[in-house]
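# Tertiary structure, described
Now for the letters of each chain:
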Amino acid sequence: MPSSDDEADRIPLSARPEWSDVRPVPQDDGPNPVAPIAYRDEFRETMDYFRAVYLADERSRRAIDLTTEVIGMNPGNYTVWHFRRVVLESLNADLLDERDFLDRMTMRNAKNYQIWHHRRWLAEKLGPEVANKELEFTKNILALDAKNYHAWSHRQWVLQSLGGWENELDYCCMLLEDDIFNNSAWNQRYFVITRSPLLGGLLAMRDSEVGYTTEAILANPQNESPWRYLRGLYKGDTSQLISDNRVSELCLKVLKTGNSYQFALSLLLDLLCYGFQPSEELRAVVEALRNSEQEDTVSSNLAATVCLILEITDPMRLNYWVWRRNNLPSQVC
Amino acid sequence: MPRRIALRRSAAPKTRDRRIRATTTRREARREAAAAAGRCSSSGLPRSGSSTPMESSPTHSSSSSSSLSPPPSPPDRQGRLTTTQLEQLRVEQEVFGIYRLFHGVAPHTRSFMIELWRDKHIEFLTRGLKQLGPSYHVLDANRPWLCYWIIHSITLMGESVNSELEGNVVQFLSHCEDRNGGYGGGPGQMPHLATTYAAVNTLITLGSEMSLSSIHRENMLKFLLQMKDSSGAFRMHNGGEIDVRACYTAISVASILNVLDDELVKNLGNYILSCQTYEGGIAGEPGSEAHGGYTFCGLATMILINEADKLDLPSLVDWVASRQGVECGFQGRVNKLVDGCYSFWQGGVLALAQRLLPIVHKQLESSFISGVQASAECKKSCNFTAEETGQDDNLCRDGTSHPENEGELSDFGFSYIGRHTECDPLFHSIALQQYILLCSQVLEGGFRDKPGKQRDFYHSCYCLSGLSVSQYSWSKEDGGPPLTSSVLGPYTNLLEPVHPLYNVVVDKYYKSHEFFSTL
């Protein structure tokens, strides 16, 4: 079967004896199409034959081969993918062959909704025994682009539907060691600690995760990912967030360095808005930052001071910090 | 015989004297600006490999050709730069190079650079409507999107297509409409929610009675109900994927066509809620990473079904506000690269949030823990209803008005835009305009993701939509003309305002609302 890869060697469908019985169906664009595409001959012809078998609902081997050709030219055509699934199911086709085909397609089009949706359908049919193979495959894709959204979604679906959680936290550690700024890896880490059936959930993991995250923040306080992750560790439990000394001490430590402290201030502001009572030392450190910015305005509370500092040190979000300052909870410190 | 495509000015054009300077001056300015624009390729090819709409996937930016001084970002403490840091530095170098150049050039060049090059954009867009090259076959299942991206862009610039072309668009889209409801990616293709959204928004943007009445609303409702999943969410097409995009496109279409009902809404709010992540933004499906495109889709959906108060709005707003970076534009996710299309997705979220700030404030107030008060209980009392928000005058000094009759679901999109806001935008609207005009705008017409990338219709549409959102972000009343200080560059840069829930031009929205509410 000629592949769409070598267009030079391609034999037109009209010249292939196995297609001689099919009458191609041209696209009905109407008399005055808008934004018409100047299709190449082979594209137009392949689509015309596809329309013929699709309209005839022909569930045959050659119909599958034809969809292979169309998909090779335009992997975004969801109708073709859908029809392919219908035919594969009807013929009880070998789904491992299908996976080989899909592996090749994905390597060339790693950011295509249809390919990943098809993969999910396929993996569901193949069942739990392919879990590791699917995880391996997404790992290969993520090795090329560690933030590929589709690959991560598929990986999460595999873990939840087919299993394979055993090494997932190690995998996250490995990716984060490679690039601590990889927010997708942080997100996956959160997914694992909150949903893995092997780890006991967020509460069981919180202590060790706070340790890991604190270390990551101290190494790169300008990295937003672990700051958001740290808040996430207390999701739905703000009273723990404000009473866990490790959180406020982390803020204090970063603020004391006098560098890259925006995220520390932002977290401190949230703590204050939840009712956190700051220590004298924390107050003093924040006040010192304000002095260094030569800010003369007298503010009524620490939260407002934090906003004022952010208004100067984070000018891109000036309006946001002003809004926060004007909308502090009435009892805030 | 070639089809003629003519443009006509809209009925009420804004002040636009586009030919103030002499041509020679303009030519010089253009030449100088070309250097600043980084000499991007002018071919209008779609981005290879990422032909799907509503998902921007920035890849490696091409290496900078300019020799610029090192950017100010701090290095990794271990002295090694990670992939994320290296890619970020490359983009910062290129963007700061453009800004430095902008501030260094002669005043007339500077004013040229900051101008919206309308003629060039219109030329690029209308050429696309007339004919697309063979490489566009990868968008062969996105043809209503091409119509929407182009026609919405043209309309944003205050122009419109002539009646002959309008007739052709209506006729062509009717060839994409399925006989059982919904629109496919092209003639004969299965109906798909995303292309249905694109087709409906296109027809509303055209705005004539012929155009609006061409939509078969009863079949549409049937199609939308078929796409409704038992989880409460929607799937893109028969047997297709379920995600937040599908939810938004379904609800946007139902709302704007005035067919939104309880069955479509059932359990949807809980699904969207399950997609809000620990970061604050919304993901494509539960567990995934917070993402600008999905955050827009999720929040807009929640507002349209009047359940926005279920979301954790303070953390959502904080997450989005943090996405505007030193490049002045928005990134789609934490630690990813800036991309012009997020000017709308993220900027649009903040435009939506601007009218929700009383609720955000209320949530902030109720999450304060003092003594025995438990935050969860307070949150429950924070419902988005007429009585509560109306009575509480503590809330951001806002003259909020809400629909009285909660039964009429389709009304939320209408009442939302009429809401008055006292609050300033929560993002830096001038900085955003600077990124769009200096970094995304392409000298030969059209817009791009970032310097070094190629222009395309998708980015043209969403850069212009984001530009409009930022220009009107200081307006307290819907569609009121902004002050000159809110518009970067000459006032002639001003675009038409959009309805941020649907992303159609406001005037067109009102016209369609009148049409569909009397049916």
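This one's a predicted model, so the numbers in the text were calculated from it and none came from an experiment. (Residues numbered from 1 in each chain as written. Chains lettered and ligands numbered in written order. Predicted model: local features only at pLDDT ≥ 70, side-chain atom pairs only at ≥ 80, totals over all residues. Heavy atoms only, no water.)

### Topic: the overall build of chain B
- A tally of regular secondary structure across chain B gives 22 helices and four strands.
- Counting every position in chain B, which comprises 519 residues, the buried fraction comes to 66%.
- Only carbon and sulfur atoms are counted for the fraction: they give 52% of the accessible area of chain B, which is about 17800 Å². (Helix = DSSP H or I, 4+ residues; strand = E, 2+ residues; numbered from the N terminus. Buried < 20%, exposed > 50% of the residue type's maximum accessible area, 1.4 Å probe, protein only. Areas by Shrake-Rupley, 256 points an atom, 1.4 Å probe, with all protein chains shown as cover.)

### Structural notes on the overall build of chain A
- Helices and strands together make up the secondary structure of chain A, namely 17 helices and zero strands.
- Computed over its C-alpha atoms, the radius of gyration of chain A comes to 28 Å, more than 25% above the 20 Å expected for a compact globule of 333 residues.
- Expressed along its principal axes, the backbone C-alpha trace of chain A runs to roughly 85 × 50 × 35 Å.
- Each of the 333 residues in chain A was classed as buried or not, and the buried ones make up 60%.
- Within chain A, residue pairs in contact and separated by at least 24 positions form 62% of the contacts whose partners lie at least 6 positions apart.
- When the accessible surface of chain A is summed, it comes to about 13700 Å², and 49% of that surface belongs to carbon and sulfur atoms. (Rg over C-alpha atoms; globule rule 2.2 N^0.38 Å. Contact = heavy atoms within 4.5 Å.)

### Brief notes about the interface of chain B and chain A
- Each partner contributes residues to the interface: chain B has 103 residues there, and chain A has 82 residues.
- Both sides together, the interface formed by chain B and chain A hides about 7800 Å², and carbon and sulfur atoms give 49% of it.
- Looking only at chain B, the three residues that lose the most surface to chain A are H137, Y278 and F368 of chain B, adding up to 11% of its buried area.
- For the interface between chain B and chain A, the tally reads five salt bridges.
- The residue R228 of chain A makes a salt bridge to D318 of chain B at a minimum N-O spacing of 2.9 Å.
- Counting residues per element, the ones that place at least two in the side of chain B that touches chain A are helix 2 (83–104), helix 4 (118–130), helix 5 (143–156), helix 6 (163–176), helix 14 (313–321) and helix 16 (357–366) of chain B.
- Each residue belonging to the side of chain B that touches chain A can be placed in one class, and the counts come to 41 nonpolar, 42 polar and 20 charged. (Buried area = accessible area lost by both parts, 1.4 Å probe. Salt bridge = Lys/Arg side-chain N within 4 Å of Asp/Glu carboxyl O. Nonpolar A, V, L, I, M, F, W, Y, C, P; charged D, E, K, R; others polar.)

### Brief notes about the pattern of salt bridges
- Summed over all chains, the structure comprises 38 salt bridges over all chains.
- A salt bridge links E224 of chain A to R323 of chain B, with the shortest nitrogen-to-oxygen separation between them at 2.6 Å. Placement of the pair is E224 of chain A in helix 11 (residues 224–232) and R323 of chain B in the loop between helix 14 and helix 15 (342–354), with the two residues belonging to separate chains. Like E224 of chain A, the residue R323 of chain B is buried in the burial classification.
- Within the structure, one salt-bridge network assembled from shared partners comprises E224, R228, R231, D270 and R324 of chain A together with D318 and R323 of chain B.

### Side note on the nonpolar core
- L255 of chain A together with W149, F234 and Y462 of chain B are the most contacted members of the largest nonpolar core, which totals 256 residues.
- What L255 of chain A contacts, discounting residues up to four positions off in sequence, is Y261, A264, L265, L268, L282, V285, V286 and L289 of chain A. (Core = buried A, V, L, I, M, F, W, Y, C linked by side-chain atoms within 4.5 Å.)

### Re helix 10 (residues 244–256) of chain B
Residues and elements named next belong to chain B.
- For helix 10, which comprises 13 residues, the first-to-last C-alpha distance of 18 Å matches the rise-based estimate of 18 Å (1.5 Å per residue) to within 8%.
- Taking burial as the measure, the 13 residues of helix 10 include 13 buried ones, the bulk of the element.
- Phi for N258, located one or two positions after helix 10, is positive at around 60 degrees. (Expected span 1.5 Å × (residues − 1).)

### Some remarks on the environment of P134 of chain B
- Structurally, P134 of chain B is set in the loop between helix 4 and helix 5.
- With residues up to four places along the chain from it excluded, the contact list for P134 of chain B reads I37, A38 and R40 of chain A.

### Things to note about unusual backbone geometry
- Positive phi outside glycine occurs at N92 of chain A, with the angle close to 55 degrees.
- Secondary-structure assignment places N92 of chain A in the loop between helix 3 (78–91) and helix 4 (95–108).
- A relative accessible area of 70% places N92 of chain A in the exposed class.
- Positioned with a positive phi, N267 of chain B is a non-glycine residue whose angle comes to about 65 degrees.
- By secondary structure assignment, the location of N267 of chain B is in the loop between helix 11 (262–265) and helix 12 (268–275).

### Notes on the environment of L81 of chain B
Residue and element names in this part refer to chain B.
- Mapped onto the elements, L81 comes out in the loop between helix 1 (23–36) and helix 2.
- Residue class for L81 comes out partly exposed when judged on its relative accessible area of 29%.
- In this structure the C-alpha to C-alpha distance between L81 and A290, which are 209 residues apart in sequence, comes to 24 Å.

### Describing helix 11 of chain A
- Of all nine residues in helix 11 of chain A, nine are buried; the element is thus mostly enclosed.
- Residues E224, S225, P226, W227, R228, Y229, L230, R231 and G232 of chain A constitute the buried set of helix 11 of chain A.
- Looking at the packing, one finds that the buried side of helix 11 of chain A touches helix 9 (183–195), helix 10 (201–219), helix 13 (245–257) and helix 14 (262–273) of chain A together with helix 14 of chain B.

### Things to note about the packing of aromatic side chains
- In the structure shown here, the tally under the stated rule is 37 aromatic pairs over all chains.
- In textbook terms, an aromatic cluster arises when at least three aromatic residues are bridged by ring pairs, as seen for W145, Y148, W149, Y197, Y248, F296, F344, W345, Y458 and Y462 of chain B.
- The ring of Y212 of chain A carries R189 of chain A above its face, with NZ or CZ at 3.6 Å from the centroid.
- Sitting above the plane of the Y113 of chain A ring, R245 of chain B keeps its charged end 3.6 Å from the centroid. (Phe/Tyr/Trp six-rings, centres within 6.5 Å; stacked < 30°, edge-to-face > 60°. Lys NZ or Arg CZ within 6 Å of the ring centre and 35° of its normal.)

### A look at the packing of helix 5 of chain B against helix 6 of chain B
All names here are of chain B.
- Closest axis-to-axis distance for the helix 5/helix 6 pair is 10 Å, and the angle between their directions is 150 degrees. Considered as vectors, helix 5 and helix 6 are oriented roughly antiparallel to each other. Crossing geometry of helix 5 relative to helix 6 is assigned as left-handed. Mapping the contact onto sequence places R143, P144, C147 and I151 in helix 5 and V169, F172, L173 and C176 in helix 6.
- Along the lines of polarity and charge, the residues of the contact of helix 5 with helix 6 split into seven nonpolar, no polar and one charged. (Axes fitted to C-alpha atoms, helices over the stretch in contact; angles between N-to-C directions. Parallel < 35°, antiparallel > 145°, perpendicular 65-115°, else oblique. Left-handed = near helix turned anticlockwise from the far one by under 90°.)

### Thoughts on the side chain of S196 of chain A
All names here are of chain A.
- Locating S196 in the fold gives a position in the loop between helix 9 and helix 10.
- Among the polar contacts listed, one links the side chain of S196 to the backbone nitrogen of L198, at a separation of 3.1 Å.
- Setting aside residues up to four positions removed in sequence, S196 forms contacts with W165 and F191. (Polar contact = N/O pair within 3.5 Å; in protein donor to acceptor, adjacent residues only side chain to side chain.)

### Side note on the confidence of the model for chain B
- The predicted model of chain B has a mean per-residue pLDDT of 84, with 77% of residues at 70 or higher.
- Reported confidences for the modelled complex are a pTM of 0.89 and an ipTM of 0.96. (pLDDT = per-residue confidence, 0-100.)

### Description of the environment of F50 of chain A
Residue and element names in this part refer to chain A.
- Tracing the sequence through the fold places F50 in helix 1 (residues 41–55).
- By relative accessible area, F50 is classed as buried at 3%.
- Residues F50 and T67 lie 17 residues apart in sequence; the distance between their C-alpha atoms is 7.1 Å.
- When near neighbours in sequence (up to four residues on either side) are disregarded, F50 contacts L66, T67, V70, T79, V80 and F83.

### Points about the side chain of S153 of chain A
- In this structure, S153 of chain A sits in helix 7 (residues 149–162).
- For S153 of chain A, the contacting residues outside a window of four places in its chain are R120 of chain A together with E285 and S288 of chain B.

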